[in-house]
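In case you want the letters, here they are:
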Amino acid sequence: MRARVLVRPKAGILDPQGQAVERALPALGFAGVRNVHVGRLIELDVDDPARLPEMCERLLTNPLIEDWEIEEVSELEGAER
Amino acid sequence: MSSSASSLEERHRQLGLTDGEYARILERLGRTPGDVELAMLSLMWSEHCGYKHSRRLLRRLPTEGRHLLLGPGENAGAVDVGGGLAVAFKVESHNHPSAVEPFQGAATGVGGILRDVFAVGARPIAVLDSLRFGEPGASERSRYLLERAVAGIGFYGNSIGVPTVGGEIYFEDSYEANCLINAMCLGLAPHSRLIRSAAAGAGNVVVLLGALTGRDGIGGASVLASAELGEGDEAKRPSVQIGDPFTEKKLLECCLELLDRELLVSLQDLGAAGLTSAASEMAGRGGVGITLDLCQIPLREADMEPFEIMVSESQERMLCVARPECVGALLDVCERWEVLATTIGCVTEGDSLTVLHRGMAVAELPVSVLIDDCPAYDLQPEPPSSDLYGSPAAVLNGDEPAGEVLLALLGSGNLASRRPVFEQYDPIVQSRTVRRPDEADAAVLSLPDGSAIAVSIDGNGRRVACDPLRGAAEAVYECAANLACVGAEPLGLTNCLNFGNPEKPHVAWQLVQAVEGLAGACEALDVPVVGGNVSLYNEAPSGPIFPTPVVGMVGKLPSAGRAGRLGFAQAGDSIALVGPFSPSPVGSELSKLLGRPPVGALPEADPGAIRVVLEAVRARVRSGAFRSAHDIAEGGAAVALAECCIAGGLGASVRLPLGLDPFAEAPGRGFIVSGSREALAGLVIIGEVGGDGLRIDGLLEVAVSALRAARDGGLSGWV
Amino acid sequence: MKFGIVRFPGSCDDIDALQAAARVGDAVLLWHADHDLQGVDAVIVPGGFSYGDYLRAGAIARFAPVMAEVEEFARAGGLVLGICNGFQVLCEAGLLPGALLPNLSLKFVFRQVELSVVRADGPFTGACAAGDRLSIPVKHTTGRFYAPELELDRLEDGGQVLLLYAPGHNPNGSRRDIAGVCNEAGNVFGLMPHPEHAVDLLAGSADGLKIFESMRAHVEQRVLA
């Protein structure tokens, strides 16, 4: 199975990257942008998707400072299998 | 083996070869080259690899010296520094890739020069960078290039654990369309570990170390591809190489261990033109042949064609030759360091570079055709018939009081504090750094026996534009002056020549004059050129960049503890101005602020007198007689005095010699030094350290805090 | 007194830590793939970019084979010092509270900073006096110390904050100016500044030596007891 894990900075923790992006957008002419946060995407092919939460807790994220979400688990396309 | 993309007659043109060059290939080979062969030849015969327009000219540079261990032609030059140790060093440019993607361009520029240094067996111990951009105040693009290039240099150097100990940055409109990113690296090695790149020993094994080979940097050669790339496939042909300092750190440690264990016959890094260049040069220097089997090469993408594999510029790879009985131990070391190591070929008798793919030879070229037969063109120099460069925007009108002029200079782009830049670099990892940026005129790194090496990098394009002959010589004198101020004697020099299109007579003239200037100054100071780099075609429709020879000089001093500093040390100390200093306003920073174009002859230099003052400053810094020493460079004596006050946190009261223009320049010839009155006896004393302001009699009086504020404010917000 | 300095792929300040520790006792390198602490009295997890800082700084290094031994050593009361990347590794390993986040400036920062000593007892700052100022360089991109507010209160009240950035010297936005913290038992200590780069006046400051000397004094005392 192909899985996509989204990793976000935990709410309430100062996110200077998000702030920097939020500041830069209006300067380029994009108004009306708020609440920007910058995280990470991890994609992986896994045999056993049930183990994904454990992978997230132990290695893929630092639960003290990050939230994670398994965005999608799908069948592998034909040729990739 | 024909290309579907273009007819046979057009292939060579699309690969950048002239008709004349292609005819020469046909004549030397005695047959039509295949696709892979043509790709290889087009790269080895490119300006970047073949130095077609500069090879003959570079012979003018002196390359002999009593401390010399490795000269031009190896991956890096090296000099003896005593105690059985050698320092290897070189400077290289990465100008064009950085204009495309400044972070990765600058990062991979650092990566590349690091590899050149550990390719000769030296552990990289310092990096310096010499950068040129357009005016950040006027150009958002230049601000962007500056910020990203600095971030890229920091990213690579910091991550791999090599300190960035110095450098320089200049801003001129001339570089707006062509930024310059020159990176210099020094490495340390016991003499016994220095290795040459010449392959040797028929039957010996060729091993590829490091990263997987992908499609990076294939660029122009992609016209040879068998299949048309569809939309969305552009990503498969990355034009930007991505640097990976973590892989290079492991590669570096691995290579040094292989050398310590004496497991290698030769070592070569893969840079421009990848495997083609590395294999050709190893075979060429060794007078042997090499056969490579492309099917052995670990690839990042499954379906790469032979020509792609041969010209790939994927980073963080090295090529080595080992005796068959050493290969087992070699692979063990590589496994320990998690470095991919693959036997990909062997050394052969004869002189053929043979490339096999699925059992068939897809290329079989005499190494001599790849390297020796590359044409060398004579330049057709003609002095420019009119001024090449415009006038900068004036910031001052000439009526301002001297104090205001001084503050304007200190806050100007070329003189302002570089702290916002160098705070992004780690200058102390490896624990050798004894003088950090801003503490002295040269970086100083201690050696195990208590002595130290010093290094400086310099070059002023504006002054070379005025007068290429004298301007280029000044770069050498200024480097030597910087070294003298820390007490170091020069051992060797590396240079990067950044110029416009050499096929244009006025650029050819700049190049010829500049090389002559460099050569003359090197001969006068008895400093050999150990190696270097040339970057040509830095030109926009509006014209060429300022001719910008960048010089990196390495020297030695007997005691790290006695390395000089530039800041005034003690209230009550006497201040002297020493040296054959007859400065002129031509080409000065003030002339730029006044909106004058770079025109006019620079002051003549008396090499004999320069040698004398260099020796005198060096000796008194070493003895401790001079508690501070600072050479007078951009901005003239007034700026040098201000810099000494700022660095020392102390004011000064001076009276300049009658008739001395406080803002006129003559790099490498004047020094502001301080020490006790007794220690400075016999010198031209101009004043005394003390108070909290800089007072130049009859000229200006400015608080040190104001001087510092002006200087600190210059670059902030831009980087 | 024998120090062991862990060496991961990508460690940069390992030799620097080795040389600094060697001024105070014996010092050896501990290879990341070995399960052997070579009988050392204290472990130092050094600065650098272990595993390229991939995923998160220290996230991969904490699972290196040798770290199993280091964790056991720490649980048994052995002294463990984490410097910069080492601090990050120890936080990821759960041997120290909190986490290190990107500097507020989002840029790498090198600066000689002043630290103030909060507690001058214990194995890491015993050679100092409370209120002492130490001049020690920082060099990092991800050095902003973070823990939830209640946790920070607990750390301060429990005396786990050993070093603060002196007023005006906080280079990265660390919460409450925290530069270095120890675990509850006091035998594991992490700090972002680099004491191994402040052991020689020739290089600017020798204040960092006090941390190594504190560790030696503690070990020697323990042996005598």
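The rules behind each value
- Residues numbered from 1 in each chain as written.
- Chains lettered and ligands numbered in written order.
- Predicted model: local features only at pLDDT ≥ 70, side-chain atom pairs only at ≥ 80, totals over all residues.
- Core = buried A, V, L, I, M, F, W, Y, C linked by C-beta atoms within 7 Å.
- Buried ≥ 20, exposed ≤ 12 C-beta atoms within 10 Å, placed from the backbone.
- Helix = DSSP H or I, 4+ residues; strand = E, 2+ residues; numbered from the N terminus.
- Domains from an automatic or database assignment.
- Contact = placed C-beta atoms within 7 Å.
- Pairing = 2+ DSSP bridges.
- Right-handed = clockwise from strand over helix to strand, strands pointing away.
- Axes fitted to C-alpha atoms, helices over the stretch in contact; angles between N-to-C directions.
- Nonpolar A, V, L, I, M, F, W, Y, C, P; charged D, E, K, R; others polar.

Chemist: Which residues make up the nonpolar core, and what are the values?
Modeler: Residue and element names in this part refer to chain B. Counting residues in each nonpolar core, the largest one holds 316 residues, and the members touching the most others are Val-476 and Leu-641. The element that contributes the greatest number of residues to this core is helix 17 (residues 468-486), accounting for 12 residues. Two domains each donate at least three residues to this core, and these are domain 1 (33-41 + 199-370) and domain 2 (63-192 + 380-713). Apart from the residues lying within four places of it in its own chain, the contact partners of Leu-641 are Ala-652, Val-654, Ile-672, Leu-694 and Ile-696.

Chemist: Would you mind going over the pairing of strand 3 (residues 42-45) of chain C in detail, with residue names and values included?
Modeler: Residues and elements named next belong to chain C. Of the two faces of strand 3, the one holding Ala-42 and Ile-44 and the one holding Val-43 and Val-45 are both buried throughout. Here strand 1 (residues 2-7) pairs with strand 3 via three bridges, running parallel. Note on strand 3: the bridge partner recorded for Ile-5 is Ile-44. Sheet topology places strand 3 next to strand 4 (residues 79-83); four bridges connect them, and they run parallel. Bridging from a neighbouring strand, Val-45 pairs with Gly-82 of strand 4. Between the parallel pair strand 3 and strand 4, the chain is carried across by helix 2 (residues 65-75), and the sense of this crossover is right-handed.

Chemist: Run through the sheet that holds strand 1 of chain C, naming residues and quoting values.
Modeler: Residue and element names in this part refer to chain C. Across the sheet, which stays open at both edges, the nine strands sit in the order 2-1-3-4-11-10-9-6-7 with mixed pairing between neighbours. Looking at strand neighbours, the two that pair on one side only are strand 2 (26-31) and strand 7 (133-140), the edges of this open sheet. If you compare each strand with its neighbour and ignore which way they point, the axes differ by 25 degrees on average. In the packing of helix 1 (residues 14-22) onto the sheet, contacts are made with strand 1, strand 2, strand 3 and strand 4, and the angle to strand 1 comes to roughly 175 degrees.

Chemist: Got a sec to walk through the sheet that holds strand 1 (residues 2-9) of chain A? Specific residues and values, please.
Modeler: Residue and element names in this part refer to chain A. Reading across from one edge, 2-1-3 is the order of the three strands in this open sheet, with antiparallel pairing throughout. A single partner strand is all that each edge strand has here, and the edge strands are strand 2 (40-45) and strand 3 (66-74). Averaged over all neighbouring strand pairs, the angle between strand axes comes to 20 degrees, with direction disregarded. Strand direction decides the pairing type here: strand 1 and strand 2, joined by six bridges, are antiparallel. Within strand 2, the position partnered with Val-5 by the bridge is Ile-42. Those strands touched by helix 2 (residues 52-60) are strand 1, strand 2 and strand 3, and its axis lies near 45 degrees from that of strand 1.

Chemist: Describe the interface of chain C and chain A, naming the residues involved and giving the relevant values.
Modeler: Taken together, the contact between chain C and chain A spans nine residues of the former and eight residues of the latter. Across the side of chain C that touches chain A, the residue classes break down as seven nonpolar, no polar and two charged.

Chemist: So what's going on with the environment of Gly-152 of chain B? Residues and values would help.
Modeler: Residues and elements named next belong to chain B. Relative to the helices and strands, Gly-152 is located in helix 8 (residues 140-160). Owing to 25 C-beta atoms within 10 Å, Gly-152 belongs among the buried residues under this scheme. Setting aside residues up to four positions removed in sequence, Gly-152 forms contacts with Pro-102, Phe-103, Gln-104, Gly-105, Ala-106 and Ala-107.

Chemist: An account of the interface of chain B and chain C is requested, with residue identities and associated values reported.
Modeler: By a widely used convention, the size of an interface equals the accessible area lost when the partners come together. In this complex, chain B contributes 21 residues to the contact, which on the side of chain C involves 20 residues. Those elements that place two or more of their residues in the side of chain B that touches chain C are helix 8, helix 9 (245-260) and strand 14 (433-435) of chain B. Residues that form the side of chain B that touches chain C fall into these classes: seven nonpolar, nine polar and five charged.

Chemist: Before we move on, could you go through the arrangement of the chains and cite the residues and values that matter?
Modeler: Ranking the two pairs of chains in contact by contact count places chains B and C at the top. Contact between chain A and chain B is absent, and the minimum C-alpha spacing across the pair is 12 Å.

Chemist: If you had to explain the domain arrangement of chain B to someone new, which residues and values would you point to?
Modeler: Residue and element names in this part refer to chain B. Domain annotation for chain B reports domain 1 (33-41 + 199-370) and domain 2 (63-192 + 380-713). Taking only C-alpha atoms, the centre of domain 1 and the centre of domain 2 are 37 Å apart. At the junction of the two partners, domain 1 supplies 20 residues and domain 2 supplies 19 residues. Among the elements of the structure, helix 9 and strand 8 (266-269) are those that each provide at least two residues to the side of domain 1 that touches domain 2. No other element matches helix 9, which puts eight residues into the side of domain 1 that touches domain 2. Across the side of domain 1 that touches domain 2, the residue classes tally to 10 nonpolar, six polar and four charged.

Chemist: Can you lay out the pairing of strand 11 (residues 188-191) of chain C for me, pointing to particular residues and giving the numbers?
Modeler: All names here are of chain C. Burial along strand 11 is two-sided: the face carrying Val-188 and Gly-190 and the face carrying Phe-189 and Leu-191 are both buried. As paired elements, strand 4 and strand 11 share four bridges and run parallel to each other. When the bridges of strand 11 are listed, Val-80 appears paired with Val-188. Taken together, the three bridges between strand 10 (residues 178-182) and strand 11 define a ladder with antiparallel strand orientation. The partner of Val-181 across the bridge, within strand 11, is Gly-190. Between the antiparallel neighbours strand 10 and strand 11 lie five residues, among them Gly-186 with a positive phi of about 80 degrees.

Chemist: Tell me about unusual backbone geometry, and please be specific about residues and values.
Modeler: Positive phi, normally seen in glycine, also occurs at Gln-430 of chain B, with a value near 80 degrees. Looking at where Gln-430 of chain B falls in the secondary structure, it is placed in the loop between helix 15 (419-422) and strand 14. Residue classification places Gln-430 of chain B among the buried positions, given that 20 C-beta atoms sit within 10 Å. Phi is positive for Leu-106 of chain C, close to 65 degrees, though the residue is something other than glycine. Position of Leu-106 of chain C among the secondary structure elements: in the loop between strand 5 (99-101) and strand 6 (109-117).

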